[in-house]
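Okay, here's what each chain looks like letter by letter:
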Amino acid sequence: MQTVKLTVSALALTVAATGAFAQSRDQVQVAGSSTVLPYATIVAEAFGENFTDFKTPVVQSGGSGAGIQQFCQGAGLDTIDIANASRLMKDSEIKTCHDNGVTDIMYVRIGYDGIVFASDVAGEKFAFTPADWYKALAAQVVVDGKLVANTAKTWKDVNPEFPAQPILAFIPGTKHGTREVFEEKVLHAGCKETGAADLFKAAGNDKGCAGLRTDGVAVEIDGDYTETLARIGSDKNGIGVFGLSFYENNTDKLQVATMSGVTPSTETIASGEYPVSRPLQFYVKKAHIGEVAGLKEFVEFFVSDDMAGPEGPLAQYGLVSDPKLADVQAEVADEKVMN
């Protein structure tokens, strides 16, 4: 992971020396999304270098769902302070938080990311649509106006313009926020494009679009993107689902496919042209501010221009800077909580 040494800005200089170590815990604890992990790690390392009154925050992965679950376990200082997430918190998760005493939650958007579809750099090139992915991985597809079991074996079976390459897709497991975005913006979109959604609705099956094949063509990855990359390294037929920033940092090993005619990039994601993008964010326990040394300072530093701005190290790593970053900064300064 790159190390970032910044010129100490006015933000760092405002850290009060008095009472800096009087809090009940002296190190910020963070867990959650594997997509947000590299950004949070960059910020934590830079924070440790620039804010020497505080310990470097501990940043762990585990997936958005797992991080939110830890976050919602309670308000005590034996629970994490921040949950990183590549999806929004569900209503059921917010209820769990509230039931366990975690009531004042700060929502902090750090920028945007795209979900890309990449394969071995020396392999075949692909130009996908959501319908292609649905017809490749769905348990049931439309044939002659009816839903039937999916028997496609190669990408050419899915789309005659594709090569006769065996279908092998490495997709994020269900604990990852990337999986939910993949289901919503690719599988569900493809389900609608092919007419399967209407047939599922007529049959009273409201979960049919998310049903995947179980014959080995759709391999769920519970680890992070490095595991997906390793799987493609072992089987060159594999096509993996990645975050844009991970792909951009591995272009020597991977090539990216277009989606609906658009090549993923920071520019096409920022403009909204690329269809499979999502905000990245984290959640903060407001009750821990003032109790955990450096928590407020770390959150402010994370969304500062120095870190999250268009010229900062997060953008250099692949984050699409939030055009409304100033609004985010103001909400953090005010410690605004979710409604």
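Let us look at the structure shown here. The structure displayed is predicted, hence computed values, not measured ones. (Residues numbered from 1 in each chain as written. Predicted model: local features only at pLDDT ≥ 70, side-chain atom pairs only at ≥ 80, totals over all residues. Heavy atoms only, no water.)

**What to know about the state of the cysteines**
In step 1: One pass over the full model with this rule turns up two disulfides.
In step 2: With a sulfur-sulfur separation of 2.0 Å, C72 is cross-linked through a disulfide to C97. Disulfide C72-C97: the torsion about the S-S bond is -75 degrees, which places it as left-handed. Separated by 25 residues along the polypeptide, C72 in the loop between α3 (64–71) and β3 (82–85) and C97 in helix α4 (residues 91–99) bring together distant segments of the chain.
In step 3: In this structure C97 comes out as buried when scored by relative accessible area, which is 0%.
In step 4: Listing the disulfide partners of the protein by sequence rank of the bonded cysteines yields 1-2, 3-4. (Disulfide = S-S within 2.5 Å. Helix = DSSP H or I, 4+ residues; strand = E, 2+ residues; numbered from the N terminus. Buried < 20%, exposed > 50% of the residue type's maximum accessible area, 1.4 Å probe, protein only.)

**Things to note about unusual backbone geometry**
In step 1: For D144, which is not glycine, the phi dihedral falls at a positive 55 degrees.
In step 2: Along the chain, D144 falls in the loop between β6 (140–143) and β7 (146–149).
In step 3: Residue class for D144 comes out exposed when judged on its relative accessible area of 76%.
In step 4: Within the chain, E335 stands out as a residue other than glycine whose phi angle is a positive 55 degrees.

**What about the side chain of S33?**
In step 1: With respect to the helices and strands, S33 occurs in the loop between β1 (29–32) and α2 (37–50).
In step 2: When its relative accessible area of 1% is taken as the criterion, S33 is described as buried.
In step 3: A polar side-chain atom of S33 sits 3.1 Å from the main-chain amide nitrogen of V36.
In step 4: Contacts of S33, omitting those with residues within four sequence positions, involve S61, G63, S64, N84, A85 and S86. (Polar contact = N/O pair within 3.5 Å; in protein donor to acceptor, adjacent residues only side chain to side chain. Contact = heavy atoms within 4.5 Å.)

**Focus: the packing of aromatic side chains**
In step 1: Taken as a whole and judged by the stated rule, the model has 23 aromatic pairs.
In step 2: Here Y225 and F246 contribute two aromatic rings whose centre-to-centre distance is 5.6 Å and whose plane-to-plane angle is 50 degrees, an arrangement assigned as tilted. Of this pair, Y225 sits in helix α9 (residues 225–234) while F246 sits in helix α10 (residues 244–248), placing them 21 residues apart in sequence. F246 shares its class with Y225; the two are buried.
In step 3: A ring pair is formed by F282 and F302, whose centres lie 4.9 Å apart and whose planes are at 50 degrees; its orientation type is tilted. Within this pair, whereas F282 is found in strand β13 (residues 277–285), its partner F302 is found in helix α12 (residues 295–302), the two being separated by 20 residues in sequence.
In step 4: Given a relative accessible area of 0%, F282 falls into the buried group.
In step 5: Exposure remark for F302: the relative accessible area of 1% places this residue in the buried category. (Phe/Tyr/Trp six-rings, centres within 6.5 Å; stacked < 30°, edge-to-face > 60°.)

**Some thoughts on the pairing of β1**
In step 1: Relative to strand β2 (residues 58–62), β1 runs parallel, the two being bridged by three bridges. Within β2, the position partnered with G32 by the bridge is G62.
In step 2: For the handedness criterion, the β-α-β arrangement of β1, α2 and β2 is classed as right-handed.
In step 3: Bridge count between β1 and β3: three bridges; the pairing is parallel. Residue pairing across strands places V30 opposite I82, the latter belonging to β3. (Pairing = 2+ DSSP bridges. Right-handed = clockwise from strand over helix to strand, strands pointing away.)

**Regarding helix α5 (residues 130–137)**
Residues spaced three or four apart along an α-helix point in a common direction, a consequence of the helix completing one turn every 3.6 residues.
In step 1: Most of α5 sits inside the fold, with seven of its eight residues counted as buried.
In step 2: Regarding α5, the residues found buried are P130, A131, D132, W133, Y134, A136 and L137.

**Some remarks on the pattern of salt bridges**
In step 1: What the rule picks out here adds up to 17 salt bridges.
In step 2: For E180, the salt bridge goes to K90, with nearest N and O atoms at 3.1 Å. With E180 in helix α7 (residues 177–193) and K90 in the loop between β3 and α4, this residue pair connects regions lying 90 residues apart in the sequence.
In step 3: Judged by its relative accessible area of 27%, E180 falls in the partly exposed class.
In step 4: Judged by its relative accessible area of 37%, K90 falls in the partly exposed class.
In step 5: We note a salt bridge from R109 to D322, for which the minimum N-O separation is 2.5 Å. With R109 in strand β4 (residues 105–120) and D322 in the loop between α14 (313–317) and α15 (325–333), this pair connects stretches of sequence that are 213 residues apart.
In step 6: Here the salt bridges do not stand alone but share partners, grouping R87, K90, E93 and E180 into one network. (Salt bridge = Lys/Arg side-chain N within 4 Å of Asp/Glu carboxyl O.)

**Notes on the side chain of R278**
In step 1: Tracing the backbone shows R278 in strand β13.
In step 2: Polar side-chain contacts of R278 include one of 3.3 Å to the side chain of T35.
In step 3: Looking at R278, its side chain comes within polar contact range of the side chain of T178, at 3.4 Å.
In step 4: Discounting chain neighbours no more than four positions away, the residues touching R278 are T35, S86, G111, Y112, D113, I115, G177, T178, V181 and Y225.

**A short note on the environment of K336**
In step 1: Within the element layout of this structure, K336 appears in the segment after α15.
In step 2: Non-local contacts of K336, meaning those with residues more than four positions away in its chain, are made with I105, M106, Y107 and E331.

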